[in-house]
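# Structural characterization, general
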Amino acid sequence: MRTPSPSHPPRRRLLTAAFTAVVLLAGAAVSACGESADAEGKAGKLRIGYQRFGGLSLVKARGETPGVEWSLFESGPALTEALKAGSIDIGQVGEAPPVFAAAGKIPFSIIGTSAPIPQGEAVLVKADSGYRSFADLKGKTIALNKGSNVHWLLVRLLEANKMTLQDIKVKYLKPAEGRPAFDSGQVDAWVIWDPYFALAEQPGVRVLADATGLASNREYVLAAPDAVAKRTDDIRAFLQRYREVTDWGIANPQERARTLAPELKIPEDVTSRALDRSAKPLAPVTPAIGDELQAITDSFIALDLIPGPVDIRSRVDDRFSAVFQ
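Residues numbered from 1 in each chain as written. Predicted model: local features only at pLDDT ≥ 70, side-chain atom pairs only at ≥ 80, totals over all residues. Heavy atoms only, no water.

A word on the sheet that holds strand E4 (residues 109–114). The mixed open sheet is built from six strands, whose spatial order is E2-E1-E3-E10-E4-E11. With one partner strand each, in any of the chains shown, strand E2 (68–73) and strand E11 (282–283) form the two edges of the open sheet. Of the strand pairs in this sheet, strand E1 (residues 46–51) and E2 are connected by six bridges, and their pairing is parallel. Its bridge partner lying in E2, Leu46 is registered against Val68. Relative to the sheet, helix H2 (residues 55–62) contacts E1, E2 and strand E3 (90–93), its axis offset from that of E1 by approximately 120°. (Pairing = 2+ DSSP bridges. Helix = DSSP H or I, 4+ residues; strand = E, 2+ residues; numbered from the N terminus. Contact = heavy atoms within 4.5 Å. Axes fitted to C-alpha atoms, helices over the stretch in contact; angles between N-to-C directions.)

Next comes the structure, spelled out in structure tokens:
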């Protein structure tokens, strides 16, 4: 794993400042969430919720969808709350937020996904901690964002190591809170995703495990049912552009990093490292995707992390799948 040279402390301060900028910018929308229709009932701008670094951030950075309104969120759970409030029409999240949102009775449809991204989330520990496997964290404090993609990774790591939630101490922290808690030693490990993951890869930090062989860590495109029903053509046109920009980025990784780094407010080499492992093609939703999400949902219910029953398969809507094939 490539990390910055330990001989350049100013570089460490630069990356710390960049991380702070990312989480501060993610704390508020870049544009206010507006109405989806004007006073005469005409369709207004399509309202897109995105997370910094997610596939939609490249679409925004290229500025090729002038007919939409962008709102920025720090995490998937925050974005699903905006769907609940009716503030956005479309948003992009990881694999656990749809589960928690469905358990919370938030209305949405799952209209797209991505190829698996298991290397894009990881458990980080201090290099001098002595921890060599996840099992070594028994009895230790682990920080993560509740209801986000890394929550599912934690569940899978516990299962793989024949451990339970009672074997560890979980501290639910948002990325803006998790990084300083990890840096200061308030927690023993931090489970986090890109680009926060890439920003934290500094001298003295080691990757204990990622999601390889444990979790798909797919991205999911969610849409408000009302928008799906009434603005089908607008959504299809936007998804087509989303697909085209994603494919362009995969084919042009260096230009992709140059384009996205200013949007992320982080150094280009850090952006490139994160994109190399976390930028994957979009994919259509299928019955198999519904089964995958249902298995995740059932596991969270069994652990009493969400109330059941929850039928998340019924949220899968494949009317836009042709765009992703």
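What follows concerns the pairing of E3. Of the two faces of E3, the one holding Ile90 and Gln92 and the one holding Gly91 and Val93 are both buried throughout. Summarising the sheet, E1 and E3 pair through two bridges and their orientation is parallel. Among the inter-strand pairings, Ile48 is bridged to a residue of E3, identified as Ile90. Pairing of E3 with strand E10 (residues 220–223) involves four bridges; the strand directions are antiparallel. Along E10, the bridge assignment pairs Gly91 with Leu222. (Buried < 20%, exposed > 50% of the residue type's maximum accessible area, 1.4 Å probe, protein only.)

Function cannot be read off these values alone, since they describe shape.
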